[in-house]
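Structural description and commentary
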Amino acid sequence: MLLIVFLVLSAGCLGGTQTAVTHTQNHTITLTETTTRTVTETYTQTVTVENKTTIEELNKTLSEYSERLSDLNLTLSEREAELADIKAKYASCLLQLALDNESRNGAEFKLLTDREYYSEVLRAIEEASDSIYVMMFSMKYDPDDSFDWANDLIRALVAAKNRGVDVHVLLEDGIESNEEAYSYLRSHGVDVSFDSPETTLHAKVIVIDGRLIFLGSHNWSESALYWNHEVSLMIASEELAERLIGYFKSIR
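If you're wondering where the values come from, they're calculated on a predicted model, not measured in any experiment. (Residues numbered from 1 in each chain as written. Predicted model: local features only at pLDDT ≥ 70, side-chain atom pairs only at ≥ 80, totals over all residues. Heavy atoms only, no water.)

1. Examining the packing of helix H3 (residues 149-162) against helix H4 (residues 178-187)
Rules: Lines fitted to C-alpha atoms define the axes here, with helix axes fitted over just the stretch in contact, and angles between the N-to-C directions of these axes take values from 0 to 180 degrees. Going along the chain from the N terminus, every DSSP run of H or I of four or more residues is numbered as a helix, and every run of E of two or more is numbered as a strand. These descriptions rest on fixed angle ranges, namely under 35 degrees for roughly parallel, over 145 for roughly antiparallel, 65 to 115 for roughly perpendicular, and the rest for oblique. Here a crossing is called left-handed whenever its near helix is offset anticlockwise from the far helix by less than a right angle, and right-handed whenever the offset is clockwise. Contacts: residue pairs with any heavy atoms within 4.5 Å of one another. Here the nonpolar group is Ala, Val, Leu, Ile, Met, Phe, Trp, Tyr, Cys and Pro; Asp, Glu, Lys and Arg are the charged ones; every other residue, Gly included, is treated as polar.
One can describe the packing of H3 onto H4 by two numbers: an axis separation of 10 Å at closest approach and a directional angle of 20°. Classified by the angle their axes make, H3 and H4 are roughly parallel. For the element pair H3 and H4, the recorded crossing hand is right-handed. Residues Ile154, Arg155, Leu157 and Val158 of H3 lie in contact with H4, whose contacting residues are Ala181, Tyr184 and Leu185. Among the residues making up the contact of H3 with H4, the classes are represented as six nonpolar, no polar and one charged.

Given below as structure tokens:
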């Protein structure tokens, strides 16, 4: 009986040894898995850092190009302003040469200051029989104001069109108050348009029947026609009228 018990205990000790061996093998596998997992985590972390660096470099490059583009746009705007100024001076020189030439050829001139302009222009529009060309920086139509002289001139254009006069109007695109006059004239069949938004139409010119010209500082607004100190010329010259009509058509 004692011998049997000894053998059983011995077998139990041997079984414990085998279990330890098995545990050791499992522990080895666990270490292997842990090592593999650590390598994977390190690789993922490395990729993340590299991507972050790349994005920072791209953002920096994009910022540099944006600054260069801003500088180029500023330079372009300055050059366009200079070119517009040169064009305006060139047009002014041409007009002055034409005036000098017309003066030598006996063209008629009349100086119109302040409120004198309104009555002369209104009379000329009402007497027009063939054509009217108007280039105007500011034309303000205010139908609710019964005293506004600008309303009288604008309505006179519609009346001229209705009696068969060929009426053409060109307005500056960048002034919001011109839209009311544009809508009124267009709704009554007058040929009216805005100039290019890339340029500024600062002229105040009227050509009537291919002969009578008004040009100067007067806009078609209550302030310019009634309140301000303004100066314009009334000129009778077919040659100068033809040039101004050509200029009208070239910038439209």
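2. With respect to the pairing of strand S6 (residues 212-216)
Selection rule: Buried, partly exposed and exposed residues are distinguished by accessible area as a fraction of the type maximum, computed with a 1.4 Å probe on protein chains only: under 20%, between the cut-offs, and over 50%, respectively. One bridge is not enough; two strands pair if DSSP finds at least two bridges between them.
Where burial is concerned, most of S6 is hidden: four out of the five residues are buried. The hairpin turn running from strand S5 (residues 204-208) into S6, its antiparallel successor, is three residues long, and Asp209 in that turn takes a positive phi close to 55°. Bridge count for S6 against strand S7 (residues 231-236) is five bridges, and the pairing is antiparallel. Residue pairing for S7: Phe214 is matched across the bridge by Met234.

3. What about the environment of Glu179?
On the secondary structure map, Glu179 appears in helix H4. Residue Glu179 is classed as partly exposed on the basis of its relative accessible area, which comes to 45%.

4. Let's talk about H3
As a reminder, the rule being used: To estimate the expected span of a helix, count its residues, drop one, and scale the result by 1.5 Å. Polar contacts, as counted here, are pairs of nitrogen or oxygen atoms within 3.5 Å of one another; within protein the pair requires one atom able to donate a hydrogen and one able to accept it, and residues that are adjacent in sequence qualify only if both atoms are side-chain atoms.
A rise of 1.5 Å per residue sets the reference length of H3, with its 14 residues, at 20 Å; its end C-alpha atoms lie 20 Å apart and thus fit the reference within 8%. Buried-residue contacts for H3 involve helix H2 (116-127), strand S2 (131-136), strand S3 (166-171), H4 and helix H5 (222-227). Its side-chain oxygen 3.0 Å from the backbone nitrogen of Ala150, Asp148 forms the N-cap of H3. A positive backbone phi angle near 105° is found at Gly164, which sits one or two residues after H3.

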